[in-house]
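Read off the chains here:
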Amino acid sequence: MDFTIQMRATRTRRRNNGIFLTLSLLLLLSLFANPTNASIHIYDNQTFREVGNAYLLSGGSEGIAASLSTGSYIRFEKITFWRSKDAADKHSDMEHSTGLIQVIIFEAADRNNIGGSAYGGQRAICCTPDLAKMEGCKQGEVIRRPSAIDINWPIVLNVQFRGNYLYANMDYKEVSIPKTGMYNLFFVACDPKLKGLVMSGKTLWKNPDGYLPGRMAPLMKFYVFMSLAYVVLGIIWFTQYVRFWKDVLQLQHCITLVIALGLFEMILWYVDYVNFNNTGMRPIVVTTLVVTVGAVRKTVSRLLILIVSMGYGVVRPTLGGLTSKVLLLGTTFFLATELLNITEYVGTINDVSGRARLFLVLPDAFLDAFLILWIFTSLSRTLEQLQAKRSSVKLDMYRKFSNALAVTVIASVAWIVYEVYFKATDPFNEKWQSAWIITAFWDILAFALLCVICYLWAPSQSSQRYAYSEEVGEESDDEESQSLTRGKPEGDIGLVKQENGGSTEDLDEDDSEEDKRE
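Residues numbered from 1 in each chain as written. Predicted model: local features only at pLDDT ≥ 70, side-chain atom pairs only at ≥ 80, totals over all residues. Heavy atoms only, no water.

The name recorded for the protein in an unreviewed UniProt entry is GOST seven transmembrane domain-containing protein, from Prunus persica. What UniProt states about the protein under its Subcellular location (unreviewed entry) heading is, verbatim, "Membrane". (UniProt positions renumbered as here; feature names shortened; annotations may be inferred.)

Here it is, written out as structure tokens:
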């Protein structure tokens, strides 16, 4: 028996040592990545779309910080425009340069300096005959007014087709960024003959510290601190885990898994952001792995809170008939979270989230709300059972847990309200420098709740008092106190006390009836 226990302890230590070794290697690999100084937006034969009286293609939107020591810029490389043969034939009777394409770079605060409206009608990007009279713009070109801060902004660069060529190349160009702000890039064609225009090439967006867009840059340092926080929590937990491994419960194994997943996720996010910052690209495989680990961690965390609320390992030895329902809900929640995270993060290099995310948030939010309802319903029932059994130690522990959970839910609701307000009052992402806090808050809140669970259910010499037992009356606390000074007898599987001639079969029947009622 002792030999088997020692072998299990050895395997556990080896598994944890392997996890820490893997995480350390990932950190070292991220530190030795080759640095570059640009953010890469690649355009692979993208088609211009019709917007009002113009054909338009969005080239990207990022927060860029200006720096005196290291210049920030947007660089154009290998930009090529392709028009149809019909469009080339229509321009063949014109001499030399034909078919104008304009590249517009503007800071979000200057967005009203692009385009105009005649007589209060629909806003137009390209100059019309009426606007030419009113604004003094040139018909067939983008309407541009100089910024009040810098007359050279917004930037407008011209590219033209020559003769009957099907393609036009844009010269190598680097536009310096004079001040910190949210910058937008658009390629615009006002000529109706250029319908179906296609573009390929790339732009490089440089921030002072590298590739990362401004909104994401602070998160790289944040994940360093979160990784360290999980390391500290893991060391404290693992020390107790090894020290009292003979008394470790199944519930504490689940907590260990959540800590390991949390640490692994934080390190993977850091590695992903370092790679993004250094290379200018987000490999689909790497980012998918990161968001998958995050979805698994989030799902396991939710299920851990649910089974704790149900009293697993404390009030009941198993979940009984509810196991399949818990697993089904967990699987559904994982799929919804995974789909949402892939849409939001995989391949994303802009500071603006896609519209598809709005539709994917709804099922994830619905499942979260259903989980919270189930958690509090189960927690209320568990508290009633403990109160009926007059188990003061466990009752006090569950009251502390319910208080922490209530604070977490209130904080979550308050933060959701703030997040909605933040996004509603910032439609053009001008508050990008503080937007990272929206993402960071949820990781901090999840970590704080995990710390509370670790504190309440930490492995200790008295872990037996957490184990499932049938305790009735005042004698229950005496039984729990005695468990501190003596071990379990052989064959005891957590049924500390049998009273009134009860048997394990009677307890199982009671649990089965309770499962049916739930």
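Alright, that's what it looks like, and here's the rest.
**Student:** Would you mind showing me how to read the side chain of Arg75 here?
**Tutor:** If you trace the backbone, Arg75 turns up in strand β4 (residues 73-82). In terms of polar contacts, Arg75 uses its side chain to reach the side chain of Tyr73, at 2.7 Å. Side-chain polar atoms of Arg75 contact the side chain of Tyr172, separated by 3.1 Å. (Helix = DSSP H or I, 4+ residues; strand = E, 2+ residues; numbered from the N terminus. Polar contact = N/O pair within 3.5 Å; in protein donor to acceptor, adjacent residues only side chain to side chain.)

**Student:** So what exactly am I meant to see when it comes to the state of the cysteines here?
**Tutor:** Cysteine pairs can be covalently joined through their sulfur atoms, and such a bond is termed a disulfide. Inspection of every chain in the model, using the stated rule, returns two disulfides. Each disulfide pairs two cysteine sulfurs, and for Cys126 the partner residue is Cys190, the sulfurs being separated by 2.0 Å. Handedness here is read from the sign of the S-S torsion; for Cys126 and Cys190, about -85°, the answer is left-handed. Linking Cys126 in the loop between β5 (97-107) and α3 (129-135) with Cys190 in the loop between β9 (181-189) and β10 (198-206), this pair joins segments that are 64 residues apart in sequence. With respect to class, Cys126 is no different from Cys190; both count as buried. In this model, Cys127 is linked to Cys137 through a disulfide, with the two sulfur atoms separated by 1.9 Å. Its torsion about the S-S bond being 70°, the disulfide of Cys127 and Cys137 is classed as right-handed. Here Cys137 lies in the loop between α3 and β6 (155-162) and Cys127 lies in the loop between β5 and α3, a separation of ten residues in the sequence. (Disulfide = S-S within 2.5 Å. Buried < 20%, exposed > 50% of the residue type's maximum accessible area, 1.4 Å probe, protein only.)

**Student:** Would you take a moment to explain the pattern of salt bridges for this structure?
**Tutor:** It is possible for side chains of opposite charge to pair when their charged atoms get near one another. For the coordinates displayed, the defined rule picks out twelve salt bridges. A salt bridge links Glu174 to Arg75; the shortest N-O distance between them is 3.1 Å. With Glu174 in strand β8 (residues 173-176) and Arg75 in strand β4, this pair connects stretches of sequence that are 99 residues apart. Since its relative accessible area comes to 36%, Glu174 is described here as partly exposed. Note on Arg75: relative accessible area 17%, which makes it buried. The salt bridge partner of Arg297 is Asp443, with a shortest N-O separation of 3.7 Å. In this pair, Arg297 is assigned in helix α6 (residues 284-309) and Asp443 in helix α10 (residues 436-456), connecting sequence segments 146 residues apart. (Salt bridge = Lys/Arg side-chain N within 4 Å of Asp/Glu carboxyl O.)

**Student:** I keep staring at the environment of Phe428 and nothing clicks. Help me out?
**Tutor:** Tracing the sequence through the fold places Phe428 in the loop between α9 (392-424) and α10. For Phe428 and Ala108, which are 320 residues apart along the polypeptide, the C-alpha to C-alpha distance reads 6.6 Å. In contact with Phe428, other than residues within four places in its own chain, are Ala108, Arg111 and Met182. (Contact = heavy atoms within 4.5 Å.)

**Student:** Before we go on, may I ask you to explain a nonpolar patch on the surface in this structure?
**Tutor:** A cluster of nonpolar side chains, Trp82, Tyr165, Leu166 and Tyr167, forms an exposed patch at the surface whose accessible area comes to about 400 Å². Looking at where Leu166 falls in the secondary structure, it is placed in the loop between β6 and β7 (167-169). Given the relative accessible area of 35%, Leu166 is considered partly exposed. (Patch = residues over 30% accessible without salt bridge, like charges linked within 9 Å, V, L, I, M, F, W, Y side chains within 5 Å. Areas by Shrake-Rupley, 256 points an atom, 1.4 Å probe, with all protein chains shown as cover.)

**Student:** Even after reading the chapter, I still don't get the UniProt feature "transmembrane region" (unreviewed entry) in the protein, so can you show me in this structure?
**Tutor:** UniProt marks residues 222-242, 254-271, 326-346, 358-380, 401-422 and 434-458 with the feature "transmembrane region" (unreviewed entry), using the numbering shown here. Helix makes up 95% of residues 326-346 and strand 0%, and the two end C-alpha atoms of the span are 29 Å apart.

**Student:** Is there a simple way to think about the packing of aromatic side chains in this case?
**Tutor:** The relative placement of two aromatic rings is captured by the distance of their centres and the angle of their planes. Taken as a whole and judged by the stated rule, the model has 23 aromatic pairs. A ring pair is formed by Trp82 and Tyr167, whose centres lie 5.4 Å apart and whose planes are at 45°; its orientation type is tilted. Placement of Trp82 in strand β4 and of Tyr167 in strand β7 is noted, with a sequence separation of 85 residues between them. In this structure Trp82 comes out as partly exposed when scored by relative accessible area, which is 39%. Taking 5.6 Å as the distance between ring centres and 85° as the angle between the ring planes, the aromatic pair formed by Tyr398 and Trp457 counts as edge-to-face. Placement of Tyr398 in helix α9 and of Trp457 in the loop between α10 and α11 (475-482) is noted, with a sequence separation of 59 residues between them. With respect to burial, Tyr398 and Trp457 carry one shared label: buried. Clustering of aromatic rings is evident, with ring pairs tying together Phe222, Tyr223, Trp269, Tyr273, Tyr345 and Trp436. (Phe/Tyr/Trp six-rings, centres within 6.5 Å; stacked < 30°, edge-to-face > 60°.)

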